[in-house]
Amino acid sequence: MNSNTQIKVWDLPVRLFHWSLASLFILAYAIEDHWLSLHTLAGYTIAGLVLFRLVWGFVGSRYARFGDFVKSPGEVMHYLGDIKSGRAGRYLGHNPAGGAMIIALLLSLVFTIASGLIIYGGAEFAGEHITVRNCVFQHNGQLGFAASRAHGLLMTGCTVRNNNTKGYDRGW
């Protein structure tokens, strides 16, 4: 295969999910204390996006399916060791570390959505102060995950010459 051949990896639904989620998360994070109704709308929309992605992870295109990129903890650790030693291979789609990060991000979003629903609909039963602090903690944790993900994309771009950031824009 020619090294300049482009292979479509990220389908349109995954790309729309990715950019919509990133934009809505930034919006919700930036306005959380100022415009509660818009923050809530962004949260409900994020919940719909996460639900879509969970379904798409089982029925979507090849590289969108969890079975393509979710690996065992041992495989993730082995891949991280390969990165450290300069032996990491290239992957179409998510590498094992990227797959682990995607699962961590989705799980943290599920917990944040649950916290938001408790705050919005049932704080009197759950202890509002604890739930609000939990939600803020999770928002900050997700920023850390996003920063780690960006760092991972830069690292794989430099070490294995794999430019995944273009794929999120164009699909290949």
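In the block above lies the structure referred to throughout.
Residues numbered from 1 in each chain as written. Predicted model: local features only at pLDDT ≥ 70, side-chain atom pairs only at ≥ 80, totals over all residues. Heavy atoms only, no water.

Draft legend 1. View of the overall build of the protein chain. Of the regular secondary structure elements, the protein chain holds seven helices and zero strands. Counted from the first residue to the last, the protein chain has its helices and strands arranged as α-α-α-α-α-α-α. Relative to its 172 residues, the protein chain shows a buried fraction of 35%. Taking the intrachain contacts of the protein chain between residues at least 6 apart in sequence as the baseline, contacts between residues at least 24 apart amount to 65%. (Helix = DSSP H or I, 4+ residues; strand = E, 2+ residues; numbered from the N terminus. Buried < 20%, exposed > 50% of the residue type's maximum accessible area, 1.4 Å probe, protein only. Contact = heavy atoms within 4.5 Å.)

Draft legend 2. Inspection of the pattern of salt bridges at higher detail. In total, this model carries one salt bridge according to the counting rule given. Among the salt bridges present, the one from Asp82 reaches Arg87, with a minimum N-O distance of 2.8 Å. Using a relative accessible area of 13% as the deciding quantity, one classes Asp82 as buried. Residue class for Arg87 comes out exposed when judged on its relative accessible area of 56%. (Salt bridge = Lys/Arg side-chain N within 4 Å of Asp/Glu carboxyl O.)

Draft legend 3. Here's a closer look at helix H2 (residues 36–59). With 24 residues, H2 should reach 34 Å at 1.5 Å per residue; the first-to-last C-alpha distance of 34 Å fits that figure. All buried positions along H2 are accounted for by His39, Thr40, Ala42, Ile46, Leu49, Val50, Arg53 and Gly57. (Expected span 1.5 Å × (residues − 1).)

Draft legend 4. Summary view of the environment of Thr40. Within the fold, Thr40 resides in helix H2. Residues Thr40 and Gly116 lie 76 residues apart in sequence; the distance between their C-alpha atoms is 8.0 Å.

Draft legend 5. Main features of the nonpolar core. Within the largest apolar cluster, 15 residues are counted, with the highest numbers of intra-cluster contacts made by Leu21, Ile46, Val50 and Leu106. Considering each element in turn, this core owes the most residues, five residues, to helix H1 (residues 12–31). For Val50, the contacting residues outside a window of four places in its chain are Phe17, Leu106, Leu109, Val110 and Ile113. (Core = buried A, V, L, I, M, F, W, Y, C linked by side-chain atoms within 4.5 Å.)

Draft legend 6. How the structure looks around the packing of H1 against H2. In the contact formed by H1 and H2, the axes pass within 9 Å of each other and the chain directions differ by 155°. The angle between the axes of H1 and H2 places the two elements in the roughly antiparallel class. With respect to the hand of their crossing, H1 and H2 are arranged in left-handed fashion. Taking contact as the criterion, the partners of Pro13, Val14, Phe17, Ser20, Leu21, Leu24, Phe25, Leu27, Ala28 and Ile31 in H1 are, on H2, Leu38, His39, Ala42, Thr45, Ile46, Leu49, Val50, Phe52, Arg53 and Trp56. Split into classes, the residues belonging to the contact of H1 with H2 amount to 16 nonpolar, three polar and one charged. (Axes fitted to C-alpha atoms, helices over the stretch in contact; angles between N-to-C directions. Parallel < 35°, antiparallel > 145°, perpendicular 65-115°, else oblique. Left-handed = near helix turned anticlockwise from the far one by under 90°. Nonpolar A, V, L, I, M, F, W, Y, C, P; charged D, E, K, R; others polar.)

Remember, this is a structural readout, not a statement about activity or role.
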